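If you want the building blocks of each chain, they are given just below.
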Amino acid sequence: MSRPVETATEHAPAPGQDSPGWVRDRRARLQYAALGVVMVVMAVMPYGLTDRGESIAVRTLIIAILAIGWNLMSGYGGLFSFGHAAFFGIGAYTDAYLVVEHGISPWIAMVVGAVIAALAGTLIAYLCLRYRLAGAYFALATFAFAQLFLLVVQNVEALGKTEGFNLEILPEDSWWMMQFESGSSNYFWIPAALLGLSLALVIAFTHSRTGQRVAAVRDDEVAAESLGISVMRHRLVPVALSCMISAVAGAYYTQYYFYVGPQQGFGAAVSVEAIVPAVIGGIGTVWGPVVGALVVGPLAELITELLRSPPDSLSFLQGLTGLDVAVYAVLLIVIVRFMPRGIFGTLQRWRRR
Amino acid sequence: MSDAQVVEQSAAEVDESGRRSARNVLVGILATGVAGLLAVYLVGDRDPGLVTQAIATGILLGGVYALVSVGLTLIFGVLGIVNFAQGSMLTLSMYLVLSLVQSVGMPVYVATLLAVPVMFGLGYVLQLTLLNKLTLSGNHEGPLLMTLGLSLLIVNVLLMVFSGRPQSVGTAIEGSLRVFGALLSWERIVAFLGAVAVTIALTVILRRTSFGLSIRAVASNPGGAALVGVNVGRVYALTFGIGAACVAVAGGLMAPLVSMTPTVGEEFTILAFVIVVLGGLGNVFGAMIGGLIIGLVQTVGSLYLPGTGSLILVFGVFVLTLFLRPQGIFGGAR
């Protein structure tokens, strides 16, 4: 049912058999090494960034984490989600609610949000799978749940209705409350570390035995089941992980912007933000969502900037809203039509030839 | 008895029992619906006049919902793809009507007649150029992503051209009709009748013409249809075109009733999806019944839950459907 995606399984023996350890390990080692390089680059990056550059970078990081989460469920798990806003929103709102109403540390709130999102996601996916809702049907069911959550949040007093939550700005820096002076590099390093953790989780997962079984279930459910793999369990594992990661992105969103409202948490635009980078970068690849986020994040900012103060030759663009999304809609259409493996997936394929 | 006969017979039995259970469910839903409406009248603690008004509006609204959903369900039934751009195509046709009204001073319903072939052509070309290859390759995600991209593109291009300022086509017909104490504007009545007429026409085309036959053939077995000489790609394109044309009619009929913004149709994508799931994916008649139910749920619900609250009820119906009867009212075994 899903398009064959680039993973280690293509070259590894069928799951369930003992594959020679070094094959998996060498590929995993390469991935970890690449991750290490990325982390080093990100560690020194704030020194070369202006305040504005840093805010774009943070925005890109949040999108990247969200897309990594989406990719785990939809790329590796084969369950196409059109409603990842549901889990991003749960993360963002749990954080806001616990921090604002109860003064709990955002670190704890982040974990709580991740757990709630994982439970909600697993439950939704379980119910859908139980009734054999697959493919496009599953996608729109998740979309409907995200919309349902959006409506609930907009109508429940305790969740701030349409106003959402504003975080209180503390007078002093505090790691415990995740607050620093404006423009502090910590605001970059925290999501960078979260990104690193998510990627490490993805790499470990895809090279683990469970990850291989998950890929087997995705590629051919019947064959996998005949080998004794529990289909339901191996469908739900990536869902839970995916929802956790997306919720963490949501929680950090609230922390960084000091605000979350229904549209920022549960809006359909958030679901789109989860999908587009992963598709542009390459569905079902470790680095695809990151590459995609690197395209989408700065591009949106660049266009917004261009619209605010266009050069003389393009002065008709002044104040034109909608161009940013229109541009990445075109990008999405072109990629889906002509490069279905995405940027990273296509590069990977060339290299292997 | 040969094997073939056995298979045929058991298939017929399955079909028959499926139909019977669909009938039972329909009767059940009708009974629940009537009981629910009676309860609203008797113990609902709302003015009976308001309730009648809500029911009448709900039925008329449901007719238009049904038309949008018919397009969606047809595309799903034949192509197997969920058209995520259905709502934004609705918006696009509304703006098409609006520009014709504003620039040439054309009456709304005449403009609608012009919008229909334009949208049909657009749907045809989109399917032929962008979607056919993905549809024929048989994966679900490609077409879904493509229609998502189209939806984003349409909405944001409209935003760039017309800005987000709400606009209106003005009144199409003055006056209203009083039925059982409920006041119904002629615009709503025309919208309802138009929607019903188009749906019936579509059903007749599907059931009675050779073109309808080729569509149904492709829907049930594309490979087999291709073998007997049906051009599957062309049928796909025509079907998508028809889906777009349905939306154009709905857009024109609804244009006088709404305040237009580029995002006005977004809500309909999900509403239409809920309706289609409720009626049974791919089932045209189911989409009509589903449309009426959702229209009623929304208007009667808004007596109790103002604003966006009534949409929660709509999703409540959706979640119930998913878990009690995921194949929908008229869906066979999936």
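### Looking at the overall build of chain A
Right, so step 1: Tallying secondary structure elements over chain A gives 14 helices and 2 strands in all.
Right, so step 2: On C-alpha atoms alone, chain A measures out to a radius of gyration of 20 Å, which is about the 20 Å that the 2.2 N^0.38 rule sets for 353 residues.
Right, so step 3: In terms of principal-axis extent, the alpha carbons of chain A reach across some 60 × 50 × 40 Å.
Right, so step 4: Expressed as a percentage of the 353 residues in chain A, the buried residues total 50%.

### Topic: the overall build of chain B
Right, so step 1: Counting secondary structure elements, chain B contains 12 helices and 2 strands.
Right, so step 2: Reading the helices (α) and strands (β) of chain B from amino to carboxyl end gives α-α-α-α-α-β-β-α-α-α-α-α-α-α.
Right, so step 3: Overall, the C-alpha framework of chain B stretches about 65 × 50 × 30 Å when taken along its three principal axes.
Right, so step 4: Taking all 334 residues of chain B together, the buried fraction comes to 50%.
Right, so step 5: Sequence-distant contacts in chain B: of pairs separated by 6 or more residues, those separated by 24 or more amount to 76%.

### With respect to helix 12 (residues 288-308) of chain A
All names here are of chain A.
Right, so step 1: Taking 1.5 Å as the rise per residue, helix 12 with 21 residues should run 30 Å; its terminal C-alpha atoms sit 30 Å apart, in good agreement.
Right, so step 2: Every buried residue of helix 12 is listed here: Gly 288, Pro 289, Val 290, Val 291, Gly 292, Ala 293, Val 296, Gly 297 and Ala 300.
Right, so step 3: If you follow the buried residues of helix 12, they end up packed against helix 2 (51-76), helix 11 (268-281), helix 13 (323-338) and helix 14 (342-352).

### Quick look at the interface of chain B and chain A
Right, so step 1: Between chain B and chain A, the contact holds 32 residues from the first and 36 residues from the second.
Right, so step 2: Residue contributions to the side of chain B that touches chain A peak at 13 residues, all from helix 5 (residues 141-162) of chain B.
Right, so step 3: Across the side of chain B that touches chain A, the residue classes break down as 22 nonpolar, 8 polar and 2 charged.

### So, the packing of helix 2 (residues 48-79) of chain B against helix 9 (residues 232-254) of chain B
All names here are of chain B.
Right, so step 1: For the pair helix 2 and helix 9, interaxial distance at closest approach is 8 Å and the crossing angle is 170 degrees. Relative to helix 9, the element helix 2 is oriented roughly antiparallel. Contact with helix 2, carried on its side by Val 64, Leu 67, Val 68, Val 70, Gly 71, Leu 72, Leu 74, Ile 75, Val 78 and Leu 79, involves Tyr 236, Thr 239, Phe 240, Ile 242, Gly 243, Cys 246, Val 247, Val 249, Ala 250, Leu 253 and Met 254 of helix 9 and no other residues of that element.
Right, so step 2: Of the residues in the contact of helix 2 with helix 9, the class split is 18 nonpolar, 3 polar and no charged.

### Points about helix 7 (residues 209-219) of chain A
Within an α-helix, residues lying three or four positions from one another point in the same direction, as the helix has 3.6 residues per turn.
Residue and element names in this part refer to chain A.
Right, so step 1: With 8 of its 11 residues buried, helix 7 lies for the most part within the structure.
Right, so step 2: Where helix 7 is concerned, the buried positions are Gly 211, Gln 212, Arg 213, Val 214, Ala 215, Ala 216, Val 217 and Arg 218.
Right, so step 3: On its buried face, helix 7 is in contact with helix 2, helix 6 (186-207), helix 8 (221-226) and helix 9 (231-257).

### Details of the nonpolar core
Right, so step 1: The biggest cluster of nonpolar side chains holds 217 residues, and the ones touching the most others in it are Ile65(A), Ala144(A), Val248(A), Val64(B), Val97(B), Ala250(B) and Val274(B).
Right, so step 2: The dominant element in this core, judged by the number of residues it contributes, is helix 2 of chain B, at 16 residues.
Right, so step 3: Not counting residues within four places of it along the chain, the set of residues in contact with Val97(B) comprises Val108(B), Ala111(B), Thr112(B), Ala115(B), Val169(B), Gly251(B), Gly252(B) and Ala255(B).

### Topic: unusual backbone geometry
All names here are of chain A.
Right, so step 1: A positive phi angle is found at Met 178, which is not glycine, with a value near 55 degrees.
Right, so step 2: You can see Met 178 is positioned in the loop between strand 1 (165-166) and helix 6.
Right, so step 3: Of note, the phi angle at Phe 258 is positive, near 60 degrees, even though the residue is not glycine.
Right, so step 4: Structurally, Phe 258 is set in the loop between helix 9 and strand 2 (259-260).

### Some words on the pairing of strand 1 (residues 176-179) of chain B
Residue and element names in this part refer to chain B.
Right, so step 1: Looking at chain direction, strand 1 and strand 2 (residues 182-185) are connected through 4 bridges and run antiparallel. When the sheet's bridge partners are listed, Arg 178 is paired in strand 2 with Leu 183.
Right, so step 2: In sequence, strand 1 turns back onto strand 2 through a hairpin of 2 residues, with Phe 180 there showing a positive phi of about 50 degrees.

### Details of the confidence of the model for chain A
Right, so step 1: Model confidence for chain A is summarised by a mean pLDDT of 84, while 90% of its residues fall at 70 or above.
Right, so step 2: Long-range and interchain partners of residues 1-17 of chain A, a stretch whose pLDDT sits below 50, account for 40 contacts in this model, where long-range means more than four residues apart.

What counts as what
- Residues numbered from 1 in each chain as written.
- Chains lettered and ligands numbered in written order.
- Predicted model: local features only at pLDDT ≥ 70, side-chain atom pairs only at ≥ 80, totals over all residues.
- Helix = DSSP H or I, 4+ residues; strand = E, 2+ residues; numbered from the N terminus.
- Rg over C-alpha atoms; globule rule 2.2 N^0.38 Å.
- Buried ≥ 20, exposed ≤ 12 C-beta atoms within 10 Å, placed from the backbone.
- Contact = placed C-beta atoms within 7 Å.
- Expected span 1.5 Å × (residues − 1).
- Nonpolar A, V, L, I, M, F, W, Y, C, P; charged D, E, K, R; others polar.
- Axes fitted to C-alpha atoms, helices over the stretch in contact; angles between N-to-C directions.
- Parallel < 35°, antiparallel > 145°, perpendicular 65-115°, else oblique.
- Core = buried A, V, L, I, M, F, W, Y, C linked by C-beta atoms within 7 Å.
- Pairing = 2+ DSSP bridges.
- pLDDT = per-residue confidence, 0-100.

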